[in-house]
Amino acid sequence: MDIPVTIGGQEAGTLLEALNLWIIKQDDPAQYRNWIYNESGLPEFENSDFEISEYDLSAYEVLLYPNPTDGIVRIEGIDEAEVTAYNILGQKVKTEQNTNEIDMSHLSEGVYLLRIKATDGSLHIEKVTVGK
């Protein structure tokens, strides 16, 4: 059941509508991903950035360490990759090119998703926690 929501003085009919209106008002709304309802009626991010169903990930094993971290996360199982970190809102917060590690020391404590695209074309999505 949707309940009307007011965020920043603007009323919206649903929480998803309020979240999407908030995104539009940001300085760089392209950093954010919109919210939608999936087939089950649950909220999820709209966008294919995290879609991995078309890839066969069973042949690839990636290990992140240390996890949790308060600094550099090393990626074992990949020589070089484009590594992009996303926060819980789906915002891109950091990208590193041609590497097998990413420095997360400047990020706030929390859970992040790493999108790791290896030079061989394989795609991996891994969760990492930043905190002490």
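Structure: above.
A quick note: this is a predicted structure, and the numbers were derived from the prediction, not measured.

A.B. asks: Sorry if this is basic, but what is going on with the overall build of the protein here?
C.D. replies: Counting its secondary structure elements, the protein contains one helix and 11 strands. Going residue by residue from the N terminus, the α and β elements of the protein occur as β-β-α-β-β-β-β-β-β-β-β-β. Intrachain contacts of the protein at a sequence separation of at least 6 include 39% that bridge at least 24 residues.

A.B. asks: Would you mind showing me how to read the nonpolar core here?
C.D. replies: Most often, soluble globular proteins have nonpolar side chains that are buried together. Residues Leu64, Met104, Leu114 and Ile116 are the most contacted members of the largest nonpolar core, which totals 17 residues. Looking at this core, the elements with two or more residues in it are strand E6 (72-76), strand E7 (81-86), strand E10 (110-118) and strand E11 (123-130). In terms of residue count, E10 provides more of this core than any other element does, four residues in total. Those residues in contact with Leu64, other than ones at most four positions away along the chain, are Val73, Arg74, Ile75, Leu114, Ile116, Glu126, Lys127 and Val128.

A.B. asks: Please explain the environment of Ser108 as it appears in this structure.
C.D. replies: In this fold, Ser108 is placed in the loop between strand E9 (101-103) and E10. For Ser108, a relative accessible area of 52% translates into the label exposed. C-alpha of Ser108 to C-alpha of Gly131: the two residues are 23 residues apart in sequence and 7.8 Å apart in space.

A.B. asks: Mind showing me how you'd approach the sheet that holds strand E5 (residues 63-65) here?
C.D. replies: Within a sheet, adjacent strands bond to each other through the backbone by hydrogen bonds, running parallel or antiparallel. Here three strands make up an open sheet; going across it, the order is E5-E6-E9 and the pairing antiparallel. Both edges of this open sheet fall to E5 and E9, since each of them pairs with a single strand only. The mean inter-strand angle of the sheet, taken between neighbouring strand axes irrespective of direction, is 15 degrees. The sheet contact formed by E5 and E6 spans three bridges and is antiparallel. In the sheet register, Tyr65 faces E6, and the bridge partner there is Arg74.

A.B. asks: It is not clear to me how the side chain of Ser122 should be interpreted in this structure. Could you clarify?
C.D. replies: Within the secondary structure, Ser122 sits in the loop between E10 and E11. Only 2.7 Å separates the side chain of Ser122 from the side chain of Asp120, close enough to count as a polar contact. Separated by 3.2 Å, the side chains of Ser122 and His124 make a polar contact.

A.B. asks: What is the right way to look at the sheet that holds E11 in this model?
C.D. replies: As summarised here, the arrangement of the four strands in space is E8-E7-E10-E11, forming an open sheet in which the pairing is antiparallel. Looking at strand neighbours, the two that pair on one side only are strand E8 (92-99) and E11, the edges of this open sheet. On average, each strand axis in the sheet is inclined to that of its neighbour by 20 degrees, with strand direction left out of account. Strand direction decides the pairing type here: E10 and E11, joined by eight bridges, are antiparallel. Among the inter-strand pairings, Gly110 is bridged to a residue of E11, identified as Val130.

A.B. asks: What should I look at first to understand the pairing of E7 in this one?
C.D. replies: The side chains of a regular strand alternate between both faces of the sheet. Along E7, five of the six residues are buried, which leaves the element largely enclosed by surrounding structure. Bridge count for E7 against E8 is five bridges, and the pairing is antiparallel. Bridge pairing in E8 links Tyr86 to Lys92. Where E7 folds back onto E8 in an antiparallel hairpin, the turn is made up of five residues, including Gly90, whose phi is positive at roughly 85 degrees. Strand direction decides the pairing type here: E7 and E10, joined by six bridges, are antiparallel.

Conventions we followed
Residues numbered from 1 in each chain as written. Predicted model: local features only at pLDDT ≥ 70, side-chain atom pairs only at ≥ 80, totals over all residues. Heavy atoms only, no water. Helix = DSSP H or I, 4+ residues; strand = E, 2+ residues; numbered from the N terminus. Contact = heavy atoms within 4.5 Å. Core = buried A, V, L, I, M, F, W, Y, C linked by side-chain atoms within 4.5 Å. Buried < 20%, exposed > 50% of the residue type's maximum accessible area, 1.4 Å probe, protein only. Pairing = 2+ DSSP bridges. Axes fitted to C-alpha atoms, helices over the stretch in contact; angles between N-to-C directions. Polar contact = N/O pair within 3.5 Å; in protein donor to acceptor, adjacent residues only side chain to side chain.

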